Amino acid sequence: MDMRRALIPDLVNLQAFECAARHENFSRAAEELNLTQGAISRQIADLEQQTGLRLFERVKRRVVLSDAGQKLLPEVRQLLAQSERLMIGAVAAGTMSSSLRIATLPTFGARWLVPKLGRFIADHPDVAISIESRSSPFSFAEESFDLAIHFGQPTWAGATATYLCHETVLPVASPSLLKGGRDIGCDLFENLPLLHLTTRPKLWSDWSAHHGKPVPHAYQGLRFDQFSMLTSAAVAGLGVALLPTYLIEEELKSGSLRPFLDRPMSTENAYFIVRPENKGTQALAGEFQEWLLQEVTSST
């Protein structure tokens, strides 16, 4: 047998291992999988022979994972979950004429892309669309995405980047914090707390330098690692936040957030549509890219 084939695990054996590990009992694992206890024992024995590892130890009437089994279990669970997603995706796409897998920044996807997605779906009802969150660049060779939304500079190994839009941030706060929402002076920065994004610690300092407005304590205040939490904190009246205008369209429209000062600032980075070089001719990804560019144009 090909050595590489010999190292490929049988998913049935992995499933038996995961179930037995969860129950710490071969009989209960057999009941869940609708097998005999002997079948479970054989499958685990096959896996132990293939890996050369002893995966379980017997302790009284229970079987508990060995040190090797404990190390293997998380990866087995991940592989089983990936296999299940693969099959569900294949079944879902089976009734569709084509599929499109998109990676997007979490908050951009939730606050901008998904609310507008219905318009693309209406024109492409037979396309199976999958959208997943990715916060940083990845290898298109290892992950089969057709397109990604990227924030930063137009550099991505093995891919081409198309400019989508710049980001404009605006200082905002809840009406209760602004005492009626008046355009109040920067002197009140002295007494109002600032809210920060962990990944952009210099944003308030940059805003201050850009507008020539002093902001005392520009590095102090509550910090959050997602724009979604930063927005919720601002709505809750916890402080003043610098937020991208495209992320708070609904809050500005409803009045739950108001400009603290009407002093926007464009950040040095921008949003880009990224497509793998080896899929550059895929027509559907090209259509989605054109739709994204039209949506940006119509919303500015």
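Undergrad: Quick one: what's the story with the overall build of the protein chain, residue by residue and with numbers?
TA: Helices and strands together make up the secondary structure of the protein chain, namely 11 helices and 11 strands. Over its C-alpha trace the protein chain gives a radius of gyration of 26 Å, far above what one expects of a compact globule, namely 19 Å for 300 residues. With the C-alpha coordinates aligned to their principal axes, the bounding extent of the protein chain is approximately 75 × 50 × 35 Å. Burial analysis of the protein chain (300 residues in total) assigns 40% to the buried set. Within the protein chain, contacts between residues separated by at least 24 positions form 74% of all contacts whose residues are at least 6 apart in sequence. Counting every atom, the protein chain has about 16700 Å² of accessible surface; 53% of that belongs to carbon and sulfur. Positive and negative side-chain charges in the protein chain, numbering 29 and 33 respectively, have mean positions lying 6 Å apart.

Undergrad: So what's going on with helix H8 (residues 203-211)? Which residues, and what values?
TA: All of the buried residues along H8 are Leu-203, Trp-204, Trp-207 and Ser-208. For H8, the angular spread of buried residues about the axis comes to 140 degrees, placing them on one side. Along H8, exposed side chains directed more than 90 degrees from the buried face belong to Ala-209 and His-210. At its buried positions, H8 is contacted by strand E6 (159-173), strand E7 (195-197), strand E9 (241-244) and strand E11 (265-276).

Undergrad: Which residues make up the nonpolar core, and what values do they have?
TA: In this structure, Phe-108, Leu-243, Tyr-271, Phe-288 and Leu-292 are the most contacted members of the largest nonpolar core, which totals 37 residues. A per-element tally of this core places helix H11 (residues 283-299) first, with six residues. Setting aside its immediate chain neighbours within four residues, Phe-288 contacts Leu-100, Ile-102, Leu-113, Leu-117, Phe-120 and Leu-147. In terms of nonpolar packing, the next biggest core, distinct from the first, is built from 18 residues, Leu-14, Ala-30, Val-63 and Leu-73 among them.

Undergrad: Account for unusual backbone geometry, naming residues and giving values.
TA: One non-glycine residue with positive phi stands out, namely Glu-24, at about 55 degrees. With respect to the helices, strands and loops of the structure, Glu-24 is situated in the loop between helix H2 (11-23) and helix H3 (26-33). We note that Asn-34 has phi near 60 degrees; this positive angle belongs to a residue other than glycine. By the element assignment, Asn-34 lies in the loop between H3 and helix H4 (37-51).

Undergrad: Could you give an account of the pattern of salt bridges, naming the residues involved and the relevant values?
TA: Under the defined criterion, the tally for this structure stands at 12 salt bridges. Glu-57 serves as the salt-bridge partner of Arg-54, at 3.4 Å between the closest nitrogen and oxygen. Judged by its relative accessible area of 55%, Arg-54 falls in the exposed class. If you follow the salt bridges from partner to partner, you end up with Glu-18, Arg-22, Glu-32 and Arg-77 in one network.

Undergrad: Tell me what's going on with the packing of H3 against H4, and back it up with residues and numbers.
TA: With their axes 8 Å apart at the nearest point, H3 and H4 run at an angle of 105 degrees to one another. The orientation of H3 with respect to H4, classified from their angle, is roughly perpendicular. For the pair H3 and H4, the contacting residues are Phe-26, Ser-27, Ala-29, Ala-30 and Leu-33 in the first and Gln-37, Ile-40, Ser-41 and Ile-44 in the second. The residue makeup of the contact of H3 with H4, split by class, is six nonpolar, three polar and no charged.

Definitions and limits used
- Residues numbered from 1 in each chain as written.
- Predicted model: local features only at pLDDT ≥ 70, side-chain atom pairs only at ≥ 80, totals over all residues.
- Heavy atoms only, no water.
- Helix = DSSP H or I, 4+ residues; strand = E, 2+ residues; numbered from the N terminus.
- Rg over C-alpha atoms; globule rule 2.2 N^0.38 Å.
- Buried < 20%, exposed > 50% of the residue type's maximum accessible area, 1.4 Å probe, protein only.
- Contact = heavy atoms within 4.5 Å.
- Areas by Shrake-Rupley, 256 points an atom, 1.4 Å probe, with all protein chains shown as cover.
- Lys, Arg positive; Asp, Glu negative; His and termini not counted.
- Charge placed at Lys NZ, Arg CZ, Asp CG, Glu CD.
- Arc of directions from axis to C-beta.
- Core = buried A, V, L, I, M, F, W, Y, C linked by side-chain atoms within 4.5 Å.
- Salt bridge = Lys/Arg side-chain N within 4 Å of Asp/Glu carboxyl O.
- Axes fitted to C-alpha atoms, helices over the stretch in contact; angles between N-to-C directions.
- Parallel < 35°, antiparallel > 145°, perpendicular 65-115°, else oblique.
- Nonpolar A, V, L, I, M, F, W, Y, C, P; charged D, E, K, R; others polar.

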